[in-house]
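Architecture and fold: a report
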Amino acid sequence: MKRVIFLFLALNLVASSFAQNTGTKVPTINNEFYEKSRKQKTAAWIFLAGGATLAISGVVIGTLEANLVREDENSVLGTIMVFTGLSAMVGSIPLFIAADKNKRKAITTSVSFRIEKATIIKPLLAYTNRYPAVAIQIRL
């Protein structure tokens, strides 16, 4: 009886190990690069638009303060806003460059998992066997 139960469990284990669901997609590395590129580009646009808004506001405040206040006093707030806005705009440049590099990596490199087929030929017998494989695709 023990042998029958052991044989049944062993056959069940073997049968279930070959019954894999191949319809599901495994996330690939290029999806991670696309996601990273998208986030970096969004941050770069925020820095650029925010910096431009801050710089324009600083120029407006600086000119208003210069016209309303006596000319011997310095307008500090407008100057600080202009330089902060310009530095944010300059800071967006490396983010645009990094986003472009990550997008190119996502396009050129693709790693995924597949179920491949191999034809095995033996004397008086030929059959197809399936096995898991890692597919690396590099586009030039």
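A brief look at the structure comes next. None of these values were measured; they are calculated from a predicted model.

Rules used throughout
- The residue numbers shown here count from 1 along each chain, following its written sequence.
- With pLDDT at 70 or above as the cut-off, local features in this predicted model cover only qualifying residues; side-chain atom pairs require 80 or more to be listed or tallied, and sums for whole chains, interfaces and linings still use all residues.
- Heavy atoms throughout the structure, all of them, feed into the side-chain values; hydrogens and water do not.
- Centre distance within 6.5 Å is the pairing criterion for rings of Phe, Tyr and Trp, where only the six-membered ring of Trp is used; planes under 30 degrees apart are then read as stacked, over 60 as edge-to-face, and the remainder as tilted.
- Secondary structure is summarised from DSSP: a helix means a run of H or I of at least four residues, a strand means a run of E of at least two, and numbering begins at the N terminus for each.
- One speaks of a salt bridge when a side-chain nitrogen belonging to Lys or Arg is within 4 Å of a carboxyl oxygen belonging to Asp or Glu.
- When a residue's accessible area, from a 1.4 Å probe over protein chains only, is under 20% of the maximum for its type it is buried; when over 50% it is exposed; and in between it is partly exposed.

Applying the stated criterion across every chain, the model contains 1 aromatic pair. On the numbers, 5.2 Å between centres and 85 degrees between planes, the contact of Trp 45 with Phe 96 is edge-to-face. Residue Trp 45 is found in helix H2 (residues 29-68), and its partner Phe 96 is found in helix H3 (residues 76-108); the two are separated by 51 residues along the sequence.

On to the pattern of salt bridges, then. Summed over the entire model, instances satisfying the criterion amount to 3 salt bridges. With a closest N to O distance of 3.3 Å, Arg 104 and Asp 100 form a salt bridge. Of the two residues, Arg 104 and Asp 100 both sit in helix H3, 4 residues apart, roughly one turn of that helix. On the accessibility criterion, Asp 100 (39% relative accessible area) is partly exposed. Note that Arg 114 is salt-bridged to Glu 116, the shortest N-O span being 3.9 Å.

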